[in-house]
Amino acid sequence: MLSIRNLHASIGDKEILKGINLEVKAGEIHAIMGPNGAGKSTLASIIAGNENYEVTAGEISLDGEDLSELAPEERAHKGVFLSFQYPVEIPGVSVTNFIRTAINETRKANSQEEMPANEMLKVIREKSELLEIDRKFLSRSLNEGFSGGEKKRNEIFQMAMLEPKLAILDETDSGLDIDALRIVANGVNKLKSDKNAIVVITHYQRLLDYIVPDFVHVLYNGKIVKSGGKELAHELEEKGYDWIKQEQEV
Ligand SMILES: Nc1ncnc2c1ncn2[C@@H]1O[C@H](COP(=O)(O)OP(=O)(O)OP(=O)(O)O)[C@@H](O)[C@H]1O
Ligand SMILES: [Mg+2]
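The structure reproduced in this document is the subject of the present report.

Rules used in this analysis
Residues numbered from 1 in each chain as written. Chains lettered and ligands numbered in written order. Predicted model: local features only at pLDDT ≥ 70, side-chain atom pairs only at ≥ 80, totals over all residues. Heavy atoms only, no water. 1 Å grid on protein atoms, 1.4 Å probe; cavity = no way out; pocket = protein on both sides within 12 Å on 5 of 7 lines; lining within 4 Å. Points joined across faces, edges and corners; volume = space filled by probe spheres on them. Helix = DSSP H or I, 4+ residues; strand = E, 2+ residues; numbered from the N terminus. Nonpolar A, V, L, I, M, F, W, Y, C, P; charged D, E, K, R; others polar. Buried < 20%, exposed > 50% of the residue type's maximum accessible area, 1.4 Å probe, protein only. Polar contact = N/O pair within 3.5 Å; in protein donor to acceptor, adjacent residues only side chain to side chain. Contact = heavy atoms within 4.5 Å. Near = heavy atom within 4 Å. Areas by Shrake-Rupley, 256 points an atom, 1.4 Å probe, with all protein chains shown as cover. Phe/Tyr/Trp six-rings, centres within 6.5 Å; stacked < 30°, edge-to-face > 60°. Core = buried A, V, L, I, M, F, W, Y, C linked by side-chain atoms within 4.5 Å.

### Quick word on the layout of surface pockets
Computed from the structure, the largest pocket encloses a volume of approximately 1,200 Å³. Ala-76, Val-80, Phe-81, Leu-82 and Leu-162 are, among the 46 residues lining the largest pocket, the residues nearest its centre. Taken together, the elements giving at least two residues each to the lining of the largest pocket come down to helix H1 (40-48), helix H2 (72-77), strand E6 (80-83), helix H3 (95-109), helix H4 (117-130) and helix H5 (148-162). Looking at which element gives the most residues to the lining of the largest pocket, the answer is H3, with seven residues. For the lining of the largest pocket, the per-class residue count stands at 23 nonpolar, 14 polar and nine charged. In this structure, the second largest pocket encloses a volume near 230 Å³. If you trace the second largest pocket, you find 16 residues lining it, with Ile-46, Gly-49, Val-55, Ser-68 and Arg-75 closest to the centre.

### Re the side chain of Ser-94
Looking at the element boundaries, Ser-94 is found in strand E7 (residues 90-94). For Ser-94, a relative accessible area of 14% translates into the label buried. Reaching out from Ser-94, the side chain makes a polar contact with the backbone nitrogen of Asn-97 at a distance of 3.0 Å. Discounting chain neighbours no more than four positions away, the residues touching Ser-94 are Leu-138, Ser-139, Arg-140, Ser-141 and Leu-142.

### Observations concerning the site of ligand 1
The environment of ligand 1 is made up of 15 residues, and the closest members are Gly-37, Lys-40, Ser-41, Thr-42 and His-203. Residue Gly-37 places a main-chain N or O atom 2.8 Å away from an oxygen atom belonging to ligand 1. One of the side-chain nitrogen or oxygen atoms of Lys-40 is found 2.7 Å away from an oxygen atom of ligand 1. Surface burial for ligand 1 is 65%, taken as the share of its 640 Å² of free accessible area covered by protein chains. A total of three residues in the shell around ligand 1 trace back to one element, the largest contributor, which is H1. Partitioning the shell around ligand 1 into residue classes produces five nonpolar, seven polar and three charged.

### Some words on the packing of aromatic side chains
Per the counting criterion, the structure on display carries one aromatic pair. On the numbers, 4.5 Å between centres and 35° between planes, the contact of Phe-137 with Phe-146 is tilted. Among the residues examined, Phe-137 registers a relative accessible area of 10% and is labelled buried.

### Here we look at empty space enclosed by the protein
Per the counting criterion, the structure on display carries one cavity of 30 Å³ or more. Its boundaries defined by the atoms lining it, the largest cavity holds a volume of some 30 Å³. In this structure, the largest cavity is lined by Leu-22, Ile-32, Leu-43, Ala-44, Ile-47, Ile-168, Val-199 and Ile-201. Breaking the lining of the largest cavity down by element, the ones donating at least two residues are H1 and strand E10 (197-201). The element best represented in the lining of the largest cavity is H1, accounting for three residues.

### A look at the nonpolar core
Judged by nonpolar contacts, the single largest core of 44 residues is most densely connected at Phe-157, Met-159, Met-161 and Leu-169. Here this core takes six residues from helix H6 (residues 178-191), the largest share from any one element. Once residues lying within four places of it in the same chain are set aside, the contact partners of Phe-157 are Val-95, Ile-124, Lys-127, Ser-128, Leu-131, Ile-133 and Leu-138. Ranked by size, the runner-up nonpolar core spans 29 residues in total, among them Leu-7, Leu-17, Ala-38 and Val-199.

Okay, structure coming up:
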């Protein structure tokens, strides 16, 4: 589904990604771990089409289609979803209206009719129940005054509504209390199917007890330096990044 080959990217004259290779197939969950500043959020932003970064070499394709010339919204319409490490606030736009617009824009871009209002309400009800989101919350302005955990949970709600082909979750676990972590993780697990794929960026093994990855990758200094199964996350927790650093220096 997602295929990244030899991706190099810079901001100004600073090279951040230094040759990333990653293959994610439908039905798979991949976790990306790595120290602060390694390039994890940069990689996520570039897949989603953030134009602040310059891709200097390599390719990103989704189901065989090259994404490089596509704007962020076109990528979203093709089913790429990114949940941000720091979600933005949009005053005056309610959670419900934001999601309604996003869904109908995507349908329009794929030559589908708008979702009928009653169906929209039904899906909103279903998905908010799945993520245990209070209905009152849905009429509030998007992210305005939301607590850190509420923002994260709301992003998973957007993901549940949009049913993306490829979801990238950047530190969705940070700032969630224990119950919210479990609810969000359960939500993600229920959304998993053999037709979509999920990439979770996280610092902590804890999240991966709930969202069990098929593969774990370590991003270090702009490169994926290690890949393995879910046991790699345990190994990292135990040994820390010095272990990776030492291996890199040999
Ligand atoms: N807009 C920017 N201007 C300058 N430097 C940037 C910019 N965006 C990213 N960087 C730099 O790129 C490097 C990678 O940042 P990135 O946010 O991808 O790291 P990360 O792996 O997500 O880290 P964390 O675990 O702390 O979230 C950092 O050194 C960061 O300072
Ligand atoms: Mg980050």
